[in-house]
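Breakdown of the fold
Chain by chain, the residues run as shown.
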Amino acid sequence: MLESLNPQPQDKILQLIALFRDDPRDGKIDLGVGVYKDATGLTPVMRAVKAAEKKLWEVEATKTYTGLAGEPAFNAAMVTMILGDGFADRAASVATPGGTGAIRQALELIKLASPTATVWLSNPTWPNHPSIIKYLGMPMAEYRYFDAETRGIDFAGLMADLAKVKAGDAVLLHGCCHNPTGANLDAAQWAEVAKLLRAKGAIPFVDLAYQGFGDGLEEDAAATRLIAGLFPEVLIAASCSKNFGIYRERTGILIALTDPARRAVVQGNLAFLNRQNYSFPPDHGARLVTMILEDDALRADWKAELEEVRLNMLGLRRALADELRRTTNSDRFDFVATHRGMFSRLGLTEAQVNVLREKHGIYMVGDSRINIAGLNARTVPILAAAIAGVVR
Ligand code: LMR
């Protein structure tokens, strides 16, 4: 049987991890996978997470199964963190293995409820979005998003494409910190998009993987909250990997907003999907997140550290934009300072990206997406000089 398997296409982000690891050069720089790194190149365990782990070790008395949908306290704390108060009666939710698990479960829910619904994706988007949709055999379409000239939003193209959405189609929106481009809609544009999709009868499907990495924890939820208030049905896939720094714990949540009268049925379907795919969701990370969000002191410390992380990335953005202005003697990379989140798409060709890797040991995704957090004060000038060399 297994001899009939064909090799699968490699995920281009994960492929870079291996390439970087196997590069023997000392000065190599990893701007690939979206993992936060501090100035020393370490992905630290956040202080509040360490404190919660210590406490958990002391008080945890059992490792028996948790609920099929996860611990209600985790789900409630996450719904409040993402949406604020007032959504409990509309929110069905399940804990999932990371944000990817939440995306997968959301797609499975769409398929279960409406097998012919098209899922709309921004062009470009995180490569695993189309990969999972294709794997599930679901209809898929793209809407324009990025303007390669300005490295901003192609808003006219986006609105023209979303005007073609049919009632009942799901439209995947990056709630904040667009991956891979770093270019984001402003508040007025979000309002226009929401109005159009509402008129079309679309189901917004928000991927919220970087809350707290853009403009702030509350600010980064603003678009999701706007949509939650306007639409009768919304799917939200959120990740704790980045904002709690617990990548390998696989902690995420899928929230399905619906009519209060439908909530129990939707909740039952979400729990059913968990049972089919992996039964009980992972608990350790979810429990740490709950402990942090429910404890005033831990929560305050976590928020303070998350803000340090965010401001560090903003500082690196400004430093890189300034340095590129100097080395290229142009303003063509000024957008790096206005982008938000971990990533910016630089607009280099694949050939230029290859030169950066082969000649300079600088690793970025082939579409010229860089992870800003992979930089530090020492490597910003090195990257800027190398980029100036390849664009000359
Ligand atoms: C990324 O885009 O680099 C992250 O979301 C990590 C991943 O799983 O691809």
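Note that this is a predicted model, so its numbers are computed, not measured.

So, the overall build of the protein chain
Regarding its fold elements, the protein chain presents 14 helices and 13 strands. Relative to the 2.2 N^0.38 estimate, which gives 21 Å for 392 residues, the radius of gyration of the protein chain is 21 Å and therefore close to what a compact globule would have. With the principal axes as the frame, the protein chain shows a C-alpha extent of 60 × 55 × 55 Å. Counting every position in the protein chain, which comprises 392 residues, the buried fraction comes to 54%. The long-range share in the protein chain, meaning contacts at least 24 apart out of those at least 6 apart in sequence, stands at 75%. Counting 44 positive and 45 negative side-chain charges, the protein chain places the centres of these two groups 3 Å from one another.

Some details on the sheet that holds strand β4 (residues 140-144)
Ordered by their spatial adjacency, 7 strands build an open sheet running β2-β10-β9-β8-β7-β3-β4, and the pairing between neighbours is mixed. A single partner strand is all that each edge strand has here, and the edge strands are β2 (91-96) and β4. Here the strands of the sheet are splayed against their neighbours by 25° on average, with no regard to which way each runs. Inspection of the sheet shows β2 paired to strand β10 (residues 252-257) by 6 bridges, in the antiparallel sense. Pairing of alanine 91 across the sheet is with leucine 257, part of β10. Sitting on the sheet, helix α8 (residues 222-230) touches β7 (170-174), β8 (203-208), β9 (234-239) and β10, and the angle it makes with β8 is about 155°.

A short note on the side chain of asparagine 376
Of note, asparagine 376 is situated in the loop between β13 (369-371) and α14 (379-391). For asparagine 376, a relative accessible area of 15% puts it in the buried group. Here arginine 378 takes part through its backbone nitrogen, which lies 2.9 Å from a polar atom of the side chain of asparagine 376.

Section: the site of the ligand
Taken together, Ile13, Val33, Gly34, Trp126, Asn179, Tyr210, Lys242, Phe343 and Arg369 make up all the residues around the ligand. Taking tryptophan 126, its side chain carries an N or O atom lying 3.0 Å from an oxygen atom of the ligand. Between the ligand and lysine 242, the relevant distance is 3.3 Å, taken from an oxygen atom to a side-chain nitrogen or oxygen of the residue. Here the ligand loses 82% of its free accessible area of 260 Å² to cover by the protein chains. A breakdown of the residues in the shell around the ligand according to their chemical character gives 5 nonpolar, 2 polar and 2 charged. When residues of the shell around the ligand are sorted by domain, at least three fall in each of domain 1 (11-46 + 299-391) and domain 2 (65-294).

Topic: the domain arrangement of the protein chain
Segmentation of the protein chain into domains returns domain 1 (11-46 + 299-391) and domain 2 (65-294). Each of domain 1 and domain 2 has a C-alpha centre, and these two points are 26 Å apart. In this assembly, 28 residues from domain 1 lie in contact with 30 residues from domain 2. Of the roughly 2400 Å² buried between domain 1 and domain 2, counting both surfaces, carbon and sulfur atoms make up 60%.

A look at the environment of asparagine 329
Summarising the element assignment, asparagine 329 is placed in the loop between α11 (296-328) and α12 (335-338). Owing to a relative accessible area of 69%, asparagine 329 belongs among the exposed residues under this scheme. Linking asparagine 329 and proline 180, residues 149 residues apart in sequence, is a C-alpha distance of 26 Å.

Observations regarding the packing of helix α4 (residues 98-113) against helix α9 (residues 263-277)
Each pair of packed helices gets described by two things: the angle between the helix axes and the distance between those axes. It is the contact of α4 with α9, at a shortest axis distance of 10 Å, that shows an interaxial angle of 115°. For the pair α4 and α9, the sense of crossing is right-handed. Across the interface between the two elements, Gln105, Glu108, Leu109 and Leu112 from α4 touch Asn269, Leu270, Leu273, Asn274 and Asn277 from α9.

Thoughts on the nonpolar core
In this structure, Leu158, Trp302 and Leu320 are the most contacted members of the largest nonpolar core, which totals 98 residues. When residues of this core are assigned to their parent elements, the largest contribution, 9 residues, is made by α11. Residue-level mapping places this core at the junction of two domains, with at least three residues from each of domain 1 (11-46 + 299-391) and domain 2 (65-294). For tryptophan 302, the contacting residues outside a window of four places in its chain are Met46, Ala48, Met81, Leu217, Asn243, Phe244, Ile292 and Leu293. In this structure, Ala92, Ala106, Leu172 and Tyr363 belong to the second largest nonpolar core, which totals 32 residues.

Notes on the packing of helix α13 (residues 350-360) against α14
Where α13 meets α14, the closest approach of the two axes is 10 Å, and the angle between their N-to-C directions is 130°. By the angle class used here, α13 and α14 are oblique. The chirality of how α13 crosses α14 is right-handed. Within the contact between the two elements, α13 uses Gln352, Val355, Leu356 and His360 and α14 uses Ala386, Ile387, Val390 and Val391. Among the residues forming the contact of α13 with α14, the class breakdown is 6 nonpolar, 2 polar and no charged.

About the cut-offs
Residues numbered from 1 in each chain as written. Predicted model: local features only at pLDDT ≥ 70, side-chain atom pairs only at ≥ 80, totals over all residues. Heavy atoms only, no water. Helix = DSSP H or I, 4+ residues; strand = E, 2+ residues; numbered from the N terminus. Rg over C-alpha atoms; globule rule 2.2 N^0.38 Å. Buried < 20%, exposed > 50% of the residue type's maximum accessible area, 1.4 Å probe, protein only. Contact = heavy atoms within 4.5 Å. Lys, Arg positive; Asp, Glu negative; His and termini not counted. Charge placed at Lys NZ, Arg CZ, Asp CG, Glu CD. Pairing = 2+ DSSP bridges. Axes fitted to C-alpha atoms, helices over the stretch in contact; angles between N-to-C directions. Polar contact = N/O pair within 3.5 Å; in protein donor to acceptor, adjacent residues only side chain to side chain. Near = heavy atom within 4 Å. Areas by Shrake-Rupley, 256 points an atom, 1.4 Å probe, with all protein chains shown as cover. Nonpolar A, V, L, I, M, F, W, Y, C, P; charged D, E, K, R; others polar. Domains from an automatic or database assignment. Buried area = accessible area lost by both parts, 1.4 Å probe. Left-handed = near helix turned anticlockwise from the far one by under 90°. Core = buried A, V, L, I, M, F, W, Y, C linked by side-chain atoms within 4.5 Å. Parallel < 35°, antiparallel > 145°, perpendicular 65-115°, else oblique.

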